[in-house]
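Analysis of the macromolecular model
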Amino acid sequence: MYDYDLLVVGSANADLVIGVERRPDAGETVLGSDLAVHPGGKGANQAVAAARLGARTALLARVGDDAHGRMLLDSQRAAGVDTSGVLVGGAPTGVALIAVDPSGDNSIVVSPGANAHLTPQDVRAAADLLHGSRVVSAQLEIPVETVAEVVRRLAPDSRFVLNPSPPRPLPDEILAAADPLIVNEHEAKVILDGTEAGKTPEEWARSLLARGPRSVVVTLGGEGALVATGDTVVHIESVKVAATDTTGAGDAFTAALAWSLGAGVSLEAAATYAARVGALAVTRRGAQDSYPTAAEVEAL
């Protein structure tokens, strides 16, 4: 019997968000809206999104001993996330600088702060969390060697979900454990290093699968997603909505998919559910503030 449906190992950031008429080009200054501060970070976002859906969720992360860190801990606890694995100190809390245009698209720059100090030793010290979790998910706003340690410490029958964002080349050990590897177009091309990406999303999915993951999901924004397993690539239809802010939508998708897999559904069904959760998230501003409950997803 598992204590948690999902353990998220990853980042926790303060999101500093400014609305702009258009995102600036190189060397250009544009005026924006008043600054808004929200709890964020890919790890923290995924933990909140899963907990809102009803998953028994824990977070393994590191924040600073500062106001941003306290805000992040408060937001996790308010969503029902177990924060016993959140470590405090070592560096200031990570910060993401986010510019959002009227279409809802965004550009993000992240200062990792305390996230860069989440170490393999921290993972080893959290053995009870890892062994008590049905599904473990990770991202790449923490050190790659920390993610590798997560893979080594997984319980024998738990499932590992990886969203390699921000993208970088990955060791075979991590790729081989991913089930699935969840990427968007940009992340797919970086991991494939442009040498074998192909021209279509279906080719990206097949090329990524050949790199060693047990399964691959390629998200396509308004065009839905692709699920690749074995010799099969299946297209998941998107849910058409009016986008307000895409910040954190990918995290909502990943969390919903991981939670669904832990509930025992197929990868295709999990991706279909995740597409509905991601669609609801883009209709609201902010990251964690935009995440729906299971009842809201059912109503959609």
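Everything in this summary refers to the structure shown in the same document. (Residues numbered from 1 in each chain as written. Predicted model: local features only at pLDDT ≥ 70, side-chain atom pairs only at ≥ 80, totals over all residues. Heavy atoms only, no water.)

Remarks on unusual backbone geometry
Here the residue pair serine 165 and proline 166 is connected by a cis peptide bond, since its omega of -5° sits within 30 degrees of zero. Topologically, proline 166 is positioned in the loop between β9 (159-162) and α6 (172-177). Of the consecutive residues aspartate 179 and proline 180, the connecting peptide bond is found in the cis state with omega at 10°. The topology assignment puts proline 180 in strand β10 (residues 178-183). (Helix = DSSP H or I, 4+ residues; strand = E, 2+ residues; numbered from the N terminus.)

Here we look at a nonpolar patch on the surface
Together, Ile18, Leu35 and Val37 give the surface a local cluster of nonpolar side chains, amounting to about 240 Å² of exposed area. Among the secondary structure elements, valine 37 is positioned in strand β3 (residues 36-40). (Patch = residues over 30% accessible without salt bridge, like charges linked within 9 Å, V, L, I, M, F, W, Y side chains within 5 Å. Areas by Shrake-Rupley, 256 points an atom, 1.4 Å probe, with all protein chains shown as cover. Salt bridge = Lys/Arg side-chain N within 4 Å of Asp/Glu carboxyl O.)

Focus: the pairing of strand β13 (residues 232-236)
With 5 bridges connecting them, strand β12 (residues 225-229) and β13 associate as antiparallel partners. Bridged to leucine 226 within β13 is histidine 235. Between β12 and the antiparallel strand that follows it, β13, lie 2 residues; glycine 230 among them carries a positive phi value of about 55°. (Pairing = 2+ DSSP bridges.)

Structural notes on helix α9 (residues 249-262)
Counted at 1.5 Å a residue, the expected span for α9 with its 14 residues is 20 Å, and the 20 Å between its end C-alpha atoms agrees. Counting buried positions over the 14 residues of α9 gives 13, a clear majority of the element. Residue glycine 264 follows α9 closely and has a positive phi angle near 100°. (Expected span 1.5 Å × (residues − 1). Buried < 20%, exposed > 50% of the residue type's maximum accessible area, 1.4 Å probe, protein only.)

Notes on the environment of isoleucine 142
Its place among the elements puts isoleucine 142 in the loop between β8 (133-138) and α5 (144-152). Taking the C-alpha atoms as reference points, isoleucine 142 and threonine 254, 112 residues apart in sequence, are found 17 Å from one another. When residues no more than four places from it in sequence are discounted, the contact partners of isoleucine 142 are Val9, Gly10, Ser11, Asn115, Leu118, Val147 and Arg168. (Contact = heavy atoms within 4.5 Å.)

Re the nonpolar core
One finds Leu59, Val217, Phe253 and Leu257 to be the most contacted residues of the largest nonpolar core, which totals 46 residues. Mapped by element, the contributors of at least two residues to this core are β1 (4-9), α1 (42-52), β4 (57-63), α2 (67-79), β12, α9 and α10 (267-281). Counting residues per element, this core draws most heavily on α10, at 9 residues. In this structure, phenylalanine 253 is in contact with Ile182, Val217, Thr219, Ala225, Ala271, Ala274 and Ala275, ignoring residues within four places of it in sequence. Core analysis: the next-biggest nonpolar cluster, separate from the first, contains 40 residues, Ile142, Val144, Ala178 and Leu208 among them. (Core = buried A, V, L, I, M, F, W, Y, C linked by side-chain atoms within 4.5 Å.)

Considerations on the sheet that holds β3
Taken in spatial order, the 4 strands of this open sheet run β3-β2-β6-β7, and their pairing is mixed. Two strands bound the open sheet, and with one partner strand each, they are β3 and β7 (106-111). For this sheet, the mean inter-axis angle between neighbouring strands, taken without regard to orientation, is 25°. Pairing of strand β6 (residues 94-100) with β7 involves 6 bridges; the strand directions are antiparallel. Counterpart to valine 95 in the pairing with β7 is serine 111. Against the sheet, α2 makes contact with β2 (13-19), β3 and β6, and its axis sits at roughly 60° relative to β3, the strand it touches most. (Axes fitted to C-alpha atoms, helices over the stretch in contact; angles between N-to-C directions.)

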